[in-house]
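Read off the chains here:
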Amino acid sequence: MTLEQEIYIFAEKRNLEAGITSAEPFWEQEKILLQKNKNLKGFTEQNIQKRIIPTMTMENAKSIIVFAMAYGYRKKIKQNNNLLTGECSVAAVGEDYHVILKRHFEDLKQFLKQKVKNFECQYFMDTGPLVDRAVAVRAGTGWIGKNGSVHTAKFGSLAFLGYMMTNLSLNQKEMILEDCGSCKKCILCCPTGALSENIFHVEKCISYLTQTKTVLSSEVMRTMGKQIYGCDICQIVCPKNQKALHSFDEKETDILLEELLYCSNKAFAEKFARTAAGWRGKKILQRNAIIALGNSKTKKALPILKKALHDERELIQQTALKAIYNLHL
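Residues numbered from 1 in each chain as written. Predicted model: local features only at pLDDT ≥ 70, side-chain atom pairs only at ≥ 80, totals over all residues. Heavy atoms only, no water.

Draft legend 1. Seen up close, the overall build of the chain. Across its full length, the chain carries 15 helices and 11 strands. Relative to its length of 329 residues, the chain is compact, with a C-alpha radius of gyration of 21 Å against a globular reference of 20 Å. Dimensions of the chain along its principal axes, counting C-alpha atoms only, are 65 × 45 × 40 Å. Considering only residue pairs separated by 6 or more positions, the chain has 76% of its internal contacts joining residues 24 or more positions apart. (Helix = DSSP H or I, 4+ residues; strand = E, 2+ residues; numbered from the N terminus. Rg over C-alpha atoms; globule rule 2.2 N^0.38 Å. Contact = heavy atoms within 4.5 Å.)

Laid out in structure tokens, this is it:
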């Protein structure tokens, strides 16, 4: 059995999809990054060369192992919910996927250390310098759909990605040649027009907007609906995701807005610290709760928003003022 086969079996036993590629530069990403990197400031590495050339991060890197892990959850639909609630992406409920993937990669590291003398590696989950999607595609883990996400064979695009740079010379996995065909469901259903046939407008994406740190315009706030963190629309409507979705467990994604807006640091930590949304911090999620209240179109939200006007934080004050304006439209 080859080492590559052992890696794939290791992943399969953990319900992961694995891929392997070389550590050769990703030159095809240069033009894209020159156009888009500034919009991702604060989210990704800003040194474009470092995002393209793996050996700038790990000098002796020869190959890259990719893991794709399923979301594992789909939204649980509630009936007759009259409470003021917002929505959190299913990708951000349950235990933080960064933590779970880290455990898998650490176990892989120990596994390979037993197999290979002088084994070295570095692994990353979202926080690495390389473009995760580009690495995953070249590693044969999946293909890019019109929703801008990597579609894996087993989980569709409902998967988290991580990669491990290694000093091993491993054989490349064959790339998956597939596309969305004539389907445009994700493009037609995107509420902000972030998706199109040829380009992804990241600055319009609701998931991106829920993670920004600034005061947003009233108009932009209205496009965000009741999203507290992330957005699942383009994932849920995708025909190629339906099989995976129906195999996932149901999970409640509703967030009580008033509770979030006025919770203590301790209460926030208990609810969010171990999720993928917790990294953004309480203030940003509270700003999003105010935006959701402004989009609720119910008078019950007004006294809560008026109270937020007296918050000592400028971001909360200004967002509350705009949310009240939106509430009365």
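On we go from here.
Draft legend 2. Just the pattern of salt bridges, in detail. Applying the stated criterion to the full structure yields 8 salt bridges. With a shortest N-O distance of 3.0 Å, Glu95 and Arg103 are connected by a salt bridge. Taking the relative accessible area as the measure of exposure, Arg103 reaches 42% and is therefore partly exposed. For Glu197, the salt bridge is made with Lys146, and the minimal N-O distance between the two is 3.5 Å. Separated by 51 residues along the polypeptide, Glu197 in the loop between helix H6 (185-189) and helix H7 (206-209) and Lys146 in the loop between strand E6 (142-144) and strand E7 (150-152) bring together distant segments of the chain. For Glu197, a relative accessible area of 41% translates into the label partly exposed. Residues participating in the shared-partner salt-bridge network are Lys146, Lys184 and Glu197. (Salt bridge = Lys/Arg side-chain N within 4 Å of Asp/Glu carboxyl O. Buried < 20%, exposed > 50% of the residue type's maximum accessible area, 1.4 Å probe, protein only.)

Draft legend 3. Seen up close, the sheet that holds strand E9 (residues 227-229). Spatially, 3 strands are ordered E9-E4-E11 in an open sheet, and the strand pairing comes out mixed. At either margin of the open sheet sits one strand with a lone partner, and together these are E9 and strand E11 (254-256). When strand polarity is set aside, the average angle formed by the axes of neighbouring strands in this sheet is 45 degrees. Pairing of strand E4 (residues 85-88) with E9 involves 2 bridges; the strand directions are parallel. Across the sheet, the residue bridging to Cys88 is Tyr229, located in E9. (Pairing = 2+ DSSP bridges. Axes fitted to C-alpha atoms, helices over the stretch in contact; angles between N-to-C directions.)

Draft legend 4. Spatial organisation of helix H1 (residues 3-13). Those residues of H1 not exposed but buried are Leu3, Glu4, Glu6, Ile7, Phe10 and Ala11. The buried residues of H1 occupy an angular sector of 160 degrees when the element is viewed end-on, so they sit on one face. Opposite the buried face of H1, by more than 90 degrees, sit the exposed residues Glu12 and Lys13. Asn15 lies just past H1 and shows a positive phi near 60 degrees. (Arc of directions from axis to C-beta.)

Draft legend 5. Structural view of the nonpolar core. Core analysis: the biggest nonpolar cluster contains 100 residues, and Ile65 and Phe67 have the highest contact counts within it. For this core, the element with the highest residue contribution is strand E2 (residues 63-70), accounting for 7 residues. (Core = buried A, V, L, I, M, F, W, Y, C linked by side-chain atoms within 4.5 Å.)

Draft legend 6. Representation of the sheet that holds strand E1 (residues 16-22). With antiparallel pairing, 4 strands are arranged side by side in an open sheet as E1-E2-E8-E5. Whereas interior strands pair on both sides, the edge strands pair on one side only; in this sheet they are E1 and strand E5 (121-124). Within this sheet the neighbouring strands show an average axis-to-axis angle of 20 degrees, counted without direction. In this structure, E1 lies alongside E2, joined through 7 bridges in antiparallel fashion. Considered in E2, the bridge of Ile20 is made with Ile65. Lying over the sheet, H1 contacts E1 and E2, oriented at roughly 150 degrees with respect to E1.

Draft legend 7. Looking closely at helix H13 (residues 282-294). When the terminal C-alpha atoms of H13 are compared, their 18 Å separation across 13 residues agrees well with the 18 Å that a helix rising 1.5 Å per residue should span. Of all 13 residues making up H13, 12 are buried, and the element is well covered by its neighbours. The complete set of buried residues in H13 reads Lys282, Ile284, Leu285, Gln286, Arg287, Asn288, Ala289, Ile290, Ile291, Ala292, Leu293 and Gly294. (Expected span 1.5 Å × (residues − 1).)

Draft legend 8. Spatial organisation of the pairing of E4. Along E4, one buried face is formed by Thr85 and Glu87 and the opposite face, lined by Gly86 and Cys88, is buried too. By the bridge criterion, 3 bridges tie E4 to E11 in an arrangement that is antiparallel. Paired with Gly86 across the two strands is Ile255, which belongs to E11.

Draft legend 9. Just unusual backbone geometry, in detail. At Asp126, a residue that is not glycine, the phi angle is positive and equals roughly 75 degrees. Positionally, Asp126 belongs in the loop between E5 and helix H5 (132-138). In this structure Asp126 comes out as partly exposed when scored by relative accessible area, which is 37%. Backbone geometry places Lys297, a non-glycine residue, at a positive phi of 60 degrees.

Draft legend 10. Quick peek at the packing of H1 against helix H4 (residues 97-115). Running from N to C, H1 and H4 cross one another at 150 degrees; their axes reach a closest spacing of 11 Å. As far as their axial angle goes, H4 and H1 are roughly antiparallel. Both H1 and H4 take part in a crossing whose hand is right-handed. Contact residues: H1 offers Leu3, Glu6, Ile7 and Phe10, while H4 offers His104, Asp107, Leu108, Phe111, Leu112 and Lys115. (Parallel < 35°, antiparallel > 145°, perpendicular 65-115°, else oblique. Left-handed = near helix turned anticlockwise from the far one by under 90°.)

Scope: geometric values only; no functional claims are made or implied.
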